[in-house]
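# Observations on the three-dimensional arrangement
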Amino acid sequence: MARRGYVARHRQGMRLTLARVALPFLIAGGAGLAPGAALAAPAGPVNILATPQTITFPALPDTPWNGTAPVPAATSDSNLPVTYSSLNTGVCTIAGSAITLVAMGTCTIAADQAGDGAYDPASQETRSFEVTQKTQAITFAGPGNTQLSQTPALSATADSALTVDFASTTPSTCTVSGTTLTPVTVGSCTVTADQAGDTDWAAAPQVSRTFQITKNAQTITPNTPGTTAITAGTVNLTATASSGLTVAYTAVTPSVCTLADSTLTLVAGGTCTVDADQAGNATFAAAPQVAISFSVTKEAQSITFADPADTTLDASPVALTAGATSTLPVTFTSGSPSVCTVSVASVTLLTAGTCLIHADQAGNGHWAAATRTDQSFAVAKGAQTVTFTQPADRALDAAPLTVAPTATSGLTVTLASTTTGVCTVSAFTITAVAAGTCTVEAGQAGNADWNAATTVSRSFTVTKGAQAITFTAPSGKVLADSPVTVSATASSGLAVTFSSKTADVCTVSGTTVTLVKTGTCTLTASQPGDADWNAAAAVDRGFTVAGNGQTITFGALTDKALDTGTVAVSATASSTLPVVFTSATPLVCTVSGTTVTLVRTGTCTVSADQAGDADYAAAPQVQRSFTVTTGSQTVTFATIADRTFDAAPLTVAPTASSGLTVALTSATPAVCTVAGRTVTAVAAGTCTVNADQAGNTDWNAATTVARSFEITKGAQAITFTPPASTALSDGPVTVAATAGSGLTVAFTSTTTDVCTVSGTSVTLVKVGTCGLSAAQAGNANWTAATPVARQFSVIQDPVPVTVPADGPPAGDGTLGNSNGSTAVPGGTVTLSGSGYKANTTITLVVYSTPVELGTTTTDSGGAFSVTVPLPASLASGTHTLVAAGLAPDNTLRYLSVPVAVASEDLAVTGAATGALGVIGAWAVVIGAVLRLLGGRRTWLRSVYRPRHAA
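Residues numbered from 1 in each chain as written. Predicted model: local features only at pLDDT ≥ 70, side-chain atom pairs only at ≥ 80, totals over all residues. Heavy atoms only, no water.

### Describing the packing of aromatic side chains
Worth spelling out the cut-off: Any pair of Phe, Tyr and Trp rings, taking the six-membered ring for Trp, is counted once the centres come within 6.5 Å. Such a pair is stacked with planes under 30 degrees apart, edge-to-face with planes over 60 apart, and tilted for the rest. For a lysine, the NZ atom is tested; for an arginine, the CZ atom; a charge sits over a ring if that atom is within 6 Å of the ring centre and within 35 degrees of the ring normal.
For the structure shown, the criterion picks out eight aromatic pairs. Over the ring of Trp65 we find Lys134, and its NZ or CZ is 4.4 Å from the ring centre. Directly above the aromatic system of Tyr836 lies the positively charged group of Arg893, at a separation of 5.4 Å from the ring centroid.

### Some words on the pairing of strand S27 (residues 290-297)
Cut-off, in case you're wondering: Buried residues are those whose accessible area, probed at 1.4 Å on protein chains only, stays under 20% of the maximum for their type, while exposed residues exceed 50% and partly exposed ones sit between those limits. Only runs of H or I of at least four residues qualify as helices and only runs of E of at least two qualify as strands under DSSP, and these elements are numbered from the N terminus. Should DSSP find at least two bridges between two strands, the strands are regarded as paired.
Where burial is concerned, the two faces of S27 differ: the one with Val290, Ile292, Phe294 and Val296 is buried and the one with Ala291, Ser293, Ser295 and Thr297 is not. Of the pairings in the sheet, the one linking strand S20 (residues 228-229) to S27 comprises two bridges and is parallel in character. Paired with Thr228 across the two strands is Val296, which belongs to S27. Where strand S26 (residues 270-277) lies against S27, seven bridges are found, and the strand directions are antiparallel.

### Here we look at the state of the cysteines
The following threshold applies: In plain terms, two cysteine sulfur atoms within 2.5 Å form what is called a disulfide here.
As enumerated under the stated definition, the model contains nine disulfides in all. Two residues share a disulfide in this structure: Cys423 and Cys438, whose sulfurs sit 1.9 Å from each other. Between Cys423 and Cys438, the disulfide has an S-S torsion of 85° and is therefore right-handed. Of this pair, Cys423 sits in strand S42 (residues 423-426) while Cys438 sits in strand S44 (residues 436-443); the two residues are 15 residues apart in sequence, bridging distant segments of the chain. Cys423 sits in the buried class, given a relative accessible area of 0%. Shown here is the disulfide that connects Cys672 with Cys687, its sulfur atoms set 2.0 Å apart. Around the S-S axis, the bridge from Cys672 to Cys687 shows a dihedral of about 85° and counts as right-handed. Taken as a pair, Cys672 in strand S69 (residues 672-675) and Cys687 in strand S71 (residues 685-692) lie far apart in primary sequence, 15 residues in all. Exposure remark for Cys672: the relative accessible area of 0% places this residue in the buried category.

### Examining the sheet that holds strand S14 (residues 165-168)
Strands sit in the order S12-S18-S17-S14 across an open sheet of four strands; the sheet is mixed. Every other strand in the sheet has two partners, leaving strand S12 (146-147) and S14 as the edge strands with one partner each. Note: S12 against strand S18 (residues 207-214), two bridges, orientation parallel. What sits directly across from Gln147, in S18, is Thr214.

### A short note on the sheet that holds strand S53 (residues 519-526)
Taken together, four strands build an open sheet; the order of strands is S47-S54-S53-S50 and the sheet is mixed. Strands at the two margins of the open sheet, each flanked by one partner only, are strand S47 (477-478) and strand S50 (497-500). By the bridge criterion, four bridges tie S50 to S53 in an arrangement that is antiparallel. Its bridge partner being in S53, Ser500 is matched across the sheet by Leu523.

### Topic: the side chain of Thr880
Just so we agree on the cut-off: The contact criterion used throughout is that any non-hydrogen atoms of two residues lie within 4.5 Å.
Structurally, Thr880 is set in strand S89 (residues 877-886). Every residue in contact with Thr880, bar those within four places of it in the chain, is listed here: Pro808, Val845, Val846, Tyr847, Ser896, Val897 and Pro898.

Quick look at the structure:
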């Protein structure tokens, strides 16, 4: 159709602008047109073809009639809007995209897109969903906890307004009839509420409510007693419970009242309280506890108090007597504590005056307090005496004497000396002033409460005193200090005199000492005593009289490094006497003669001394100090010879000139390691060990010294124990060998026709000698080991152990029989043999007609010894005992021995025995001949040997 100015849509969304032309032209949708390209006018008519479109319409979910309708969400790939319509308006209608649900049924919605100038109409798409019954919910609060006696009505509603039905899921606890709940027993009751629905409404979800069926409540009505005197004795309780059940009582105040069943016994005054309880039963819950209280009054009492007689103060203490009608003890207190005090029933008198005493009885739980009763009595002045202990005689130099006289009144005693020329008194202290008789009087004048005491006199002798001299010796002197004044004192205060015991060194005149020559001056100090003092012990004191003084010249010392080792010192004395050197700092340096040895860093102090002689006093000490600085040290480490890898670890001993410990480390840990001073090889190669000394506060670190040596390959040897002889069918055999290096050993067969080897498994090919070679090729650390050859026998497989039925086999030796050459039927014989395979079974048989006697097993040496019984039916005559088994090479081995059998009642003596011996010997010979002539015979039996038996 002819159009002007239209815009066409390309299938791929490209826009083409159509030129305005007067003639129609054809536009066929296709590829290759550039956007906005102008088309040349065609020569003939033009047709415009529209693009097809499709609708995508997601499914719609089923919805309850009273639910929210789904919203359709169809789209077209043209992006043009989709319109909707209902295909069954009796069930649902739609306006725009809003669906309205009208009734239950199938709702079908159609989606359409009518197209436009560029797109064809879309094919209609429909979607259906079910409009189902309306949903409903139940509101059910439940009745709450319910007592057994209650029958509450149940109530619930459904939002459909339909009637709700109730049921009990716990009929043993509760039942439901209509809307009435009936409790059955105590417990959890569960009630369900249901609404089954109708044509329009679906069944509602069940609602369940669980609550408790509880016991019935009860209360207690008390019967409270009024105030009751304790003399009433008992009170009966009569409380009741609304349930009609018996009330139980508990005494809360057993100190006031006690309880027996419902009877209270009053035991003290106060408030009696009892708890009343009813514990309930299967129907009734426990009642709330009720407290019953009432007052219990006490019984009255009175006091009888005897009046004490008047007394004097010195008559203390005074006893009191009183009693109460309750028979309870009476207590006493003083009403005049300044005159008297009371302790229990005893009065202590303090002063003269009137003593007032109160008597009380406070009562107890049963008795009320008694009315106080008072009594008083007069206390007159007391008589007193003085007690004064006789002092012992004393020396004049004794310390003053303190005495302690007392008066029975407790008043202070006064002292006075009647011999003041010999002794004086101050308070209670007696001081001796001269030798003689000292007399002291003690008195007490009395007061308002006490009469004066009789004076007491005491005398004692003061003897002469001992005295001592205090004499401090003068300090050392030189001759030029003469003369010297001395002094000393005597403890008596008397004058001290001096004398010289070394008149050649010093002399004395009065207190002046004249120095005569050098030496020790010894002086004696004396005091001869007088009428009051004994002579003092003489005291000697000495002091040194020295010669002339001298000085030391000692030059300064320069600082030294510790590695200097020693330093020479020199000094002179003005006396020209030799100077002696010592170290004042021995931790830093020591001195011997004039040589100072350096010990460590620090300050070294050297002392110079000159002790003097007969003419010269010791010179003042002179000290010189210098600093010892850190020393340099070197390490000495001997060269190490080359070693093999298999050599034992090497112990080395490097030293440092400082004497400090040298530390060793390996510079080649892949070749060798170092632990302490032990070097251990870990691989062949060049091992380099470094020796270091890090120094300390005294020494600088030393220069590292390295020592290298070669570790060559180690020699190794193989240990290879061959297998024991093995039967051909017991292969393969596992072999094992070790190399001293720990490396794996390889095996090869040198007799491949007899055995072959794979790894450590040897396969046996045939009987013969299997030769094996064990080799270890070595590695970077180990040289190849010398191959070790070993061999073992491959023996034939064991044959069945058999014994012939027609006569004893040719023996390989004689069977041992410890019973001798004779036996009796039914007796036993002890047989032994050797040369068999170890741990193999031996079959023991008796001939002529072969009968098996038993079996045994050889020991590890292939020997056996066994006792076996002979058949009771064994005929008299000569028989052969045979032991059959395997030899070590798995061939058959037979040992045999003849035995003469006689019946038990036959005497084997004299000529008869000889005849039997001859007959037996001939039987053995004949049997042997028959055996040689007969060749192989029929075998009686064979014994199966397991394939791999030893």
